[in-house]
Structures are given as structure tokens and as C-alpha cells.
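Each chain, written out:
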Amino acid sequence: MSDIATLQVNGESYEFPLVKGSENETAIDIKSLRTATGGVITLDAGFKNTGSCKSAITFLNGEEGTLRYRGYSIEELAEKADFLEVAFLLIFGELPTAEQLEKFHSDIKEQSIVDEDIKKIIDAFPKNAHPMGVLSSLTSALVAFNPTSVNVDSEEEMYNSIVKIMGKFPVLVAWAMRKKQGLPLNYGSKSLDYVENVLKMMFEKPNEDYEINPIVKNALDKLLILHADHEQNCSTSTVRVVGSSHAGLFASLSAGISALWGPLHGGANQAVLEMLGAIEEDGGDTKKYMAKAKDKEDPFRLMGFGHRVYKNFDPRATIIKVAADEVLGDLGIEDPILDIAKGLEQEALNDPYFVDRKLYPNVDFYSGIIYRAMGIPTEMFTVMFALGRLPGWIAQWKEMRLGKEPIGRPRQVYVGEKSRPFVAVEKR
Ligand code: ACO
């Protein structure tokens, strides 16, 4: 096979090199297109066919339903690793030795407190503020309290920023929830592991010792691992583009959180539960909602179905479906919402509209059900996604900065008015 792509534009022929990835994916390197052709660019709304970078972090094959972090399958990682090991793997490229993991964890623990003045910012939010907005704002605010985190000229400075945010982010996550619930803002304990501390900070009541439920802890570890990275999705691309202006890690993450918030991305897990709740309230008629989803005049979409890249099945959904059954079984929870979810899933899997368009349940279809069983409020679901995605965002930002990538700045095809003279207001 030739390693050259030939493009004909206005009768002229141009050659561009093909770039091969380690899994044989092929891209046409069009770096020289605009210069060579005297101004021609490519147009690809939604970047459906555009690679924005070369990356060695996550591999996914949407057709085959494969997902790997640094070469390790998501199935194996979800079964055998814990979240902090996976975070280390994503950020530094290799699974940590016991010593490396110990050091990483202890450096993070050193940073697991935030400035007391952050509480004043939280106090200023209305009680009904969405926790994703609160989290994005607080992550951005952290820059002011940690000004040295912006400067990442050396690997040491970069490492310090990374352990700072890994330590402080779960505190912000827990506080965003606790504030809404009127609970005192607390801290974790140095004796607990990373995920145990997340649970303690979220659920500890002021009048009792919090006991970790191992079923809940394992399920959360798994959920966070499954969400930890997903190559160049909307929020990750946002983090990379914002970071490409050298805005700093925390500011880039804050932008990523905003991107994740939307219901077409991370916000889908909240939207799924709200949709299931609405169907239940409306009498549980799943067929009615299936019909709405298929009606092109109706804007309703079946939340938790479909994926931009997985056109076969979402491997995370397969793992999480099993985990959802286990958690609900172990905790002895019978949930009518789960019955509606199962009904919808069965109908969609057998409906030609969904089958023809390759619309399968995605990771968010099941994650909300587990979060609900854990006692996490619906509005916090996307925040939990952000907590899981944090190491992925960090790894992608680090790769972008160390790779000295240029500032992200796409072009456009202008379709507005041509040059015209200004008309004074009285003459319009
Ligand atoms: N319900 C009903 N129809 C759907 C759905 C859905 N959930 N998803 C896609 N379709 C239909 C579209 O109407 C379109 O039909 P058409 O070809 O007749 O016009 C076709 O399937 C293709 O859909 P697109 O929107 O072009 O697919 P795209 O890849 O751009 O979108 C997306 C993917 C945004 C995830 C979409 O499937 C969707 O909106 N799903 C619901 C929201 C959701 O669950 N998001 C979470 C994604 S996973 C994550 O972020 C972790």
C-alpha cells in the first residue's frame, strides 16, 4: 500500500504523506495543504474525520468495541487495578511499582487540603447552583490560591501541579455536594486510600464515624477507572486546546469540566436518570418514549443511547452493566427505575431504528443507576464523571505540553456578507 495520498484541487494534483498509528490507523497529514494549494482547507464539522494530535495514551476502536489505556485492556484494568494505579498509568505511561505508587499517593495526600477561603466562594453560590458549575468555578479559583501551578517549565513543576490537583479535586467534589445538602465541609484522612477518602468526604455525617462499604468502594473504583480517559472526546479536546494557549493545568481542567457538563457528553448520566424518572412518573410506558425517540419531529432522544465512536457496543457499558447488577444485588436494592431501564434497553436492542443506526447503550446508561444505588444525588452524577476523567485530562494536557504542540486554532469557511459600506443609523 502506498504511503501517499493524492488530492486533486482545481485540476492540480497534490501529494500528502500518510501517517500510521501503532494499531494501523491511517491519517492523511495535511499540514502543507493550505500553503501548497494557495489557501484550500478541509471542512469537517464536529471533527468526525479529523485527528487533532498523535497520542500514546488511549486506544479505542469503535467498530470493534475496544478500549485500552497505555496498551492495557479496560476489562483487565477494571478487574485488577485500582483507580490511583490507573491514574498513574495514564499520566506517566507505565503501571507504577509499589514504591512509585506509595510516593504518588503520599504526595497527593500532602496536597489534599484547600485554602479555607475557598469556603467563602462556596458560600457565595446559591444553594440550587449546579455542582458542575460550582466545580468548574472552584477549579479555576484554585489558580489564584496556587499561582505557582501555572508555571510548568520543568517536569518537577509539572509534577507538583499534578499532585496538587489530584489531592484537591476530590475535596472540591465532596464540598460541592455537601454544601447543597447543608453538611459541614470536611476532610479525608491520611489513613485511607484515594477512593475511600472520596467516599468519606462525600458521605460522612458529623455525628457518626463513616464506615467504608467494600461493595460501594469497589464499584466506585471501577466506575472511576471506566471513565478515566477516552482519547480526544469533547472535554479532553477542550482541555488540550485551552492548555495549548499555555493557560495552565487548573484553568484548562476548569474548561474541560464545562465541556463535560453538557447533556450530549458527561451530562448524559444525569439526563438518563431524569429521563427514566420522567417515564416512571408518566406511568412507565417505555413504548411511548421509544416512539418519541424515533419521531424526527420530536426533539426527544433516548439518553444513554448512541455514541460518536462506538458504533458496535461500548465496552465500558458491558462492564458497568454487570457491576450495576452486582451492586444492586449486594445492597439489596430493588429499583423500579432499573426495571424501566432494562425494558428500554431490550426494546432498543430489538428495534430496527436503533439497530440500523447502531445505537447501543453507552457507559452513562448504567453509571447513573449505580450512583443512585450508592446514594449519590442525580445532580452529582456528572461531577463523579469529572472525578474519574481527571487523570485522563491531566495525561492529555501533559502529553500536549511536553510534545510542544502549537496553539489550537482551527480555520473556517466564511459564508457571511461580502465587504459592504457602513450605513448610518438614520439611513437604515
Ligand atoms: N435517540 C434517538 N435517536 C438517536 C440517538 C438517540 N439517543 N442518538 C442518535 N440518534 C439518531 C440521530 O437522530 C441520527 O438519525 P438520522 O440518521 O435519521 O438523522 C442518527 O441516530 C445519528 O445520530 P448523530 O447525532 O448524527 O450521531 P452523533 O455521532 O453525532 O452523536 C451522540 C452521538 C451525541 C452521543 C448521540 O447519539 C446522542 O445524542 N445520544 C444521546 C446522548 C448521550 O447518551 N450522550 C452520551 C454520550 S457518551 C459520553 O459522552 C460519555
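It should be noted that the structure appears before, not after, this text.
These numbers come from a predicted model, not from an experiment. (Residues numbered from 1 in each chain as written. Predicted model: local features only at pLDDT ≥ 70, side-chain atom pairs only at ≥ 80, totals over all residues. Heavy atoms only, no water.)

Draft legend 1. Local environment of the overall build of the protein chain. Secondary structure summary: the protein chain contains 18 helices and six strands in total. Taken along the three principal axes of its C-alpha coordinates, the protein chain extends 75 × 65 × 55 Å. By residue count, 46% of the 428 residues in the protein chain fall in the buried class. The contacts in the protein chain between residues at least 6 apart in sequence include a share of 71% that link residues at least 24 apart. Split by element, the accessible area of the protein chain, about 21700 Å² in all, is 51% carbon and sulfur. Each charge sign in the protein chain was given a centre, from 48 positive and 61 negative side chains, and these centres are 7 Å apart. (Helix = DSSP H or I, 4+ residues; strand = E, 2+ residues; numbered from the N terminus. Buried < 20%, exposed > 50% of the residue type's maximum accessible area, 1.4 Å probe, protein only. Contact = heavy atoms within 4.5 Å. Areas by Shrake-Rupley, 256 points an atom, 1.4 Å probe, with all protein chains shown as cover. Lys, Arg positive; Asp, Glu negative; His and termini not counted. Charge placed at Lys NZ, Arg CZ, Asp CG, Glu CD.)

Draft legend 2. Region of the structure containing the pairing of strand β2 (residues 12-20). As paired strands, strand β1 (residues 4-9) and β2 are joined by six bridges and run antiparallel to one another. Within β2, the position partnered with Val9 by the bridge is Glu12. Here β1 hands over to β2 after two residues, with Asn10 in that stretch at a positive phi of 50 degrees. Note that β2 and strand β3 (residues 26-28) share three bridges and pair antiparallel. Residue pairing in the sheet places Val19 in a bridge with Ala27 of β3. Here β2 folds back onto β3 in antiparallel fashion, the turn holding five residues, of which Asn24 has a positive phi close to 70 degrees. (Pairing = 2+ DSSP bridges.)

Draft legend 3. Quick look at the site of the ligand. Close to the ligand lie 22 residues, the nearest being Lys296, Arg301, Leu302, Gly304 and Phe305. One nitrogen or oxygen atom from the side chain of Lys48 is found 3.5 Å from an oxygen atom belonging to the ligand. Within the side chain of His265, a nitrogen or oxygen atom sits 3.2 Å from an oxygen atom of the ligand. Among the residues making up the shell around the ligand, the classes are represented as 10 nonpolar, five polar and seven charged. (Near = heavy atom within 4 Å. Polar contact = N/O pair within 3.5 Å; in protein donor to acceptor, adjacent residues only side chain to side chain. Nonpolar A, V, L, I, M, F, W, Y, C, P; charged D, E, K, R; others polar.)

Draft legend 4. Examining the layout of surface pockets more closely. When its volume is computed, the second largest pocket comes out at roughly 200 Å³. Every residue lining the second largest pocket is counted, 15 residues in all, and those nearest its centre are Lys109, Ser112, Gly188, Ser189 and Asn197. Where the lining of the second largest pocket is concerned, the elements lending two or more residues are α4 (98-110), α7 (155-181) and α8 (194-203). In terms of residues, the lining of the second largest pocket owes the most to one element, α4, which gives four residues. (1 Å grid on protein atoms, 1.4 Å probe; cavity = no way out; pocket = protein on both sides within 12 Å on 5 of 7 lines; lining within 4 Å. Points joined across faces, edges and corners; volume = space filled by probe spheres on them.)

Draft legend 5. Summary view of the sheet that holds strand β4 (residues 58-61). Strands sit in the order β4-β5-β6 across an open sheet of three strands; the sheet is antiparallel. Every other strand in the sheet has two partners, leaving β4 and β6 (72-73) as the edge strands with one partner each. Bridging between strand β5 (residues 66-69) and β6 involves two bridges; their strand directions are antiparallel. Bridge pairing in β6 links Tyr69 to Tyr72.

Draft legend 6. Summary view of α8. The buried count for α8 comes to 10 of 10 residues, which makes it a mostly enclosed element. Those residues of α8 that fall on the buried side of the exposure criterion are Tyr194, Val195, Glu196, Asn197, Val198, Leu199, Lys200, Met201, Met202 and Phe203. Buried residues along α8 sit against α3 (83-92), α4, α7, α9 (214-226), α17 (363-374) and α18 (381-402).

Draft legend 7. Here's a closer look at helix α14 (residues 315-330). Here α14 is 16 residues long and its end C-alpha atoms lie 23 Å apart, about the 22 Å a rise of 1.5 Å per residue gives. Residues of α14 that are buried make contact with β5, α2 (74-80), α9, α15 (336-349), α17 and α18. Once α14 ends, the next one or two residues include Gly332, with phi positive near 65 degrees. (Expected span 1.5 Å × (residues − 1).)

Draft legend 8. Looking closely at the sheet that holds β2. The strand order across the open sheet formed by three strands is β1-β2-β3, and the pairing between neighbours is antiparallel. This sheet does not close on itself; its edge strands, each paired only once, are β1 and β3. Pairs of neighbouring strands in the sheet enclose a mean axial angle of 30 degrees, with direction left out of account. (Axes fitted to C-alpha atoms, helices over the stretch in contact; angles between N-to-C directions.)

Draft legend 9. Spotlight on the packing of aromatic side chains. Evaluated as defined, the whole model comprises 13 aromatic pairs. Among the aromatic residues, those joined into a cluster by ring pairs are Phe305, Tyr353, Phe354, Phe365 and Tyr366. Over the aromatic face of Tyr353 sits the side chain of Arg357, whose NZ or CZ is 3.9 Å from the ring centroid. (Phe/Tyr/Trp six-rings, centres within 6.5 Å; stacked < 30°, edge-to-face > 60°. Lys NZ or Arg CZ within 6 Å of the ring centre and 35° of its normal.)

Draft legend 10. Up close: the environment of Leu138. Within the fold, Leu138 resides in helix α6 (residues 131-145). The buried category is assigned to Leu138, whose relative accessible area is 0%. Along the chain, Leu138 and Ile122 lie 16 residues apart, while their C-alpha atoms are 8.0 Å from each other. Leave out the neighbours within four places in its chain, and Leu138 touches Ile118, Ile121, Ile122, Phe125 and Leu172.

By themselves, these observations are geometric and do not establish any function.
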